[in-house]
Amino acid sequence: MQTMYTINEVVDALKNGKVTSAELVQASIDTFNEDKHSSLPLNAFLELYDDALDLAKKADEKIAEARKAGEEAVKALFEKQPLLGVPFANKDNISVRGKKLTCASKILEGYVAPYDATVIARLKNAGAIPLGRCNQDEFAMGSSTEYSVYGPTRNPINREYVSGGSSGGSTAAVAANQALFGLGTETGGSVRLPASYCGVYGLKPTYGVLSRWGVVAYGSSLDQVGLIGHTPSDIATPLSVMCGSDMYDDTSAPLPSCEELKNLEAFSDADFAKLKIAVPKQFIENKGMDTDVAKVFADTRAWFEKKGAKIDIVDLPILDASIASYYVIALSEAASNLSRFDGIRYGNRIDNSKGYDQLYVDTRSNGFGPEVKRRIIIGNYVLSEQFSGDTYKKGMSVRARIQREVAELFKSYDIILCPTCPTAAFKLGQKVDDPLSMYLSDLFTTFVNLSRIPSISVPAGYTSGTAAQGGTPMPVGIQFAGPMFGEVKILKLAQAWENEHAGCGCPVKE
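Here the structure is a predicted model, which is why all the values come from computation and not from measurement. Starting afresh in each chain, residues are numbered from 1 along the sequence in its written order. Totals for whole chains, interfaces and linings use all residues, but because this is a predicted model, local features are given only for residues with pLDDT of at least 70 and pairs of side-chain atoms are given and counted only at 80 or more. The side-chain values count all of the structure's non-hydrogen atoms but skip hydrogen atoms and water molecules.

*Asks:* With reference to specific residues and values, describe the pattern of salt bridges.
*Replies:* A carboxyl oxygen of Asp or Glu within 4 Å of a side-chain nitrogen of Lys or Arg is what we treat as a salt bridge. With the rule as written, the count across this model stands at 21 salt bridges. For Asp 92, the salt bridge identified is with Arg 133, shortest N-O distance 3.2 Å. Here Asp 92, found in the loop between strand 2 (87-91) and helix 5 (118-125), pairs with Arg 133, found in strand 3 (residues 129-134); they are 41 residues apart in sequence, far enough to count as distant. Across the pair, exposure class does not vary: Asp 92 and Arg 133 are buried alike. In the salt-bridge network here, residues are joined through shared partners; they are Glu 47, Asp 92 and Arg 133. A run of H or I in DSSP becomes a helix once it reaches four residues, and a run of E becomes a strand once it reaches two; helices and strands are each numbered from the N terminus. The cut-offs for exposure are 20% and 50% of the maximum accessible area for each residue type, with area from a 1.4 Å probe on protein chains only; residues under the lower value are buried, those over the upper are exposed, and the others partly exposed.

Below is the structure:
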């Protein structure tokens, strides 16, 4: 296990020669190899990239050369490459040139990415080192990382529990100190949900702030790359080098306050005194919220009030339609996006020489898992001739109203405060055969994706750790959601929370 776990600590140690990038990467390799043989393997990383150690050694050579030239040379080097020598975890649906990319699916077994995703290229340019690809729900469809052809990722707090999904692998790797930060993707909560379950920070940026070029599509109007870290500054620093418009992605957009991310400051007392917070009545009155989650949320609200913030309960009835609208849109777009995996354009081919129709059927039946098939079937039904796309159009109409009403709310309030998930992490296997229950895990997260705003899940407390929870207190996350392009505001707010609560993290149960 790495003892230094924040990016700022590691960068300072790299500058001073107290640690090398090779040592950091080797520590992850050793942990990965040791974990593979444990009785309950974490299964966060599917593989470590074979050139990670070589890249780390090259970074060390650069740093050593600059150190010989003096402090100013070291400073200049890290100004140019602020993440030089810092390893990170990558989700298995984000392209890294020359590396396997399978989306945790049998249909893409053996596929090798021909180019770097834009977010990967920008991290590499900043000196960061892709450490390996991480487990996920197949094609990012799930909330527990149990829908993976490689088996589930376990929660590092208690390995009998899920890590959340779909970015459960990257999140578990960060939570277990196997990586300094991680990349995930979000369509309806797939970064914030595992962050809540594993007791770390997880950011879903404004739609467009991070390019989707090189990221395998699920729901194109909802998808967004997200980040996982131990502290808000661990998210802000990589975000500062990744954000910005991209000629390969027409939906990408610059973040106006990107420079402020480089040296993230916490909210001051004066900032709190002016802070206005909205708490949607639809979320606090939800009957599906666990009592432990409700208590943590109440404690969080009390902390804000103590800091001088003004909190109002607001009524947004349209939020009751968010989960239905989300699944109509996401599954329709998934059915369209995954049509390319047919054994001809993409995917491993099953060809019994019985014609193209049978080739499609055999390839997709053999290649996709049950949850992906379920979502494709529902999506195609929504888009079928009987409906003529009317249901999808209705879902988009509801989405437009959610977006308008949320934007209107932000004219009077700075942030929306709500739980990340109605429950804490649940036991492996508990919901895997109950898709409706699994879908409801996204109850508090989907409105963020529908309205295209940024939101961060912060580790805010724990459950009581009853026998039903394996005797282990499990983390509970709370969301700070801000207006479009409000990343700096919510990260500064999260940093203030971190400064007083030190992550609220539980010790990892070995």
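Past the structure itself, the notes keep going.
*Asks:* So, a nonpolar patch on the surface: which residues are in play, and what are the values?
*Replies:* A patch consists of residues whose relative accessible area exceeds 30% and which take part in no salt bridge; residues with like charges are grouped when within 9 Å of each other, and nonpolar side chains (Val, Leu, Ile, Met, Phe, Trp, Tyr) when within 5 Å. Method for areas: the Shrake-Rupley scheme with a 1.4 Å probe, in which residue coverage is limited to the protein chains shown. A contiguous nonpolar patch, built from Tyr 115, Trp 213, Met 247 and Tyr 248 and spanning about 460 Å² of accessible area, is present on the exposed surface. The topology assignment puts Trp 213 in the loop between strand 5 (201-204) and strand 6 (224-229).

*Asks:* Before we move on, could you go through the state of the cysteines and cite the residues and values that matter?
*Replies:* Defined by distance alone, a disulfide is two cysteine sulfur atoms within 2.5 Å. Counted according to the given criterion, the structure contains 1 disulfide. In this model Cys 243 forms its disulfide with Cys 258; the gap between the sulfur atoms is 2.4 Å. Disulfide Cys 243-Cys 258: the torsion about the S-S bond is -55°, which places it as left-handed. Taken together, the positions of Cys 243 in the loop between helix 8 (232-242) and helix 9 (269-273) and Cys 258 in the loop between helix 8 and helix 9 put the pair 15 residues apart, joining distant regions of the chain. Overall, Cys 243 belongs to the buried group, its relative accessible area being 11%. By relative accessible area, which is 13% here, Cys 258 ends up buried. Left without a disulfide partner, Cys 103 is nearest to the cysteine sulfur of Cys 134, which lies 14 Å away. Free of any disulfide, Cys 421 has its nearest cysteine sulfur in Cys 418, 11 Å distant.

*Asks:* With reference to specific residues and values, describe the side chain of Thr 300.
*Replies:* Positionally, Thr 300 belongs in helix 11 (residues 291-306). We call two N or O atoms a polar contact when they sit within 3.5 Å, provided that within protein one can donate a hydrogen and the other can accept it, with sequence-adjacent residues counted only if both atoms are side-chain atoms. A polar contact is formed between the side chain of Thr 300 and the backbone oxygen of Val 296, at a distance of 2.8 Å.

*Asks:* Before we move on, could you go through the packing of helix 11 against helix 18 (residues 487-501) and cite the residues and values that matter?
*Replies:* To get an axis, fit a line to the C-alpha atoms, keeping to the stretch in contact for a helix; angles then go from 0 to 180 degrees between the N-to-C directions. For the pair helix 11 and helix 18, interaxial distance at closest approach is 13 Å and the crossing angle is 100°. If you check the angle between helix 11 and helix 18, you find them roughly perpendicular. Along its contact with helix 11, which presents Thr 300, Trp 303 and Phe 304, the element helix 18 presents Leu 493, Ala 496, Trp 497, Glu 500 and His 501. The class makeup of the residues in the contact of helix 11 with helix 18 is 5 nonpolar, 2 polar and 1 charged. Should an angle fall under 35 degrees it is taken as roughly parallel, and over 145 as roughly antiparallel, whereas 65 to 115 is taken as roughly perpendicular and any remaining angle as oblique. Between two residues, a contact is recorded if the distance between any of their heavy atoms is within 4.5 Å. Residues are grouped as follows: Ala, Val, Leu, Ile, Met, Phe, Trp, Tyr, Cys and Pro are nonpolar; Asp, Glu, Lys and Arg are charged; all remaining types, including Gly, are polar.

*Asks:* Provide a residue-level description of helix 11, including the pertinent values.
*Replies:* Here helix 11 is 16 residues long and its end C-alpha atoms lie 22 Å apart, about the 22 Å a rise of 1.5 Å per residue gives. Along helix 11, the residues classified as buried are Asp 292, Val 293, Val 296, Phe 297, Thr 300, Trp 303 and Phe 304. Buried residues of helix 11, viewed axially, fall in a sector of 135°; they line one side. Exposed and facing more than 90 degrees away from the buried side of helix 11 are Thr 291, Lys 295 and Lys 306. Looking one or two residues past helix 11, Gly 308 carries a phi angle of roughly 105°, positive in sign. To estimate the expected span of a helix, count its residues, drop one, and scale the result by 1.5 Å. Along the arc lie the directions from the helix axis toward the C-beta atoms.

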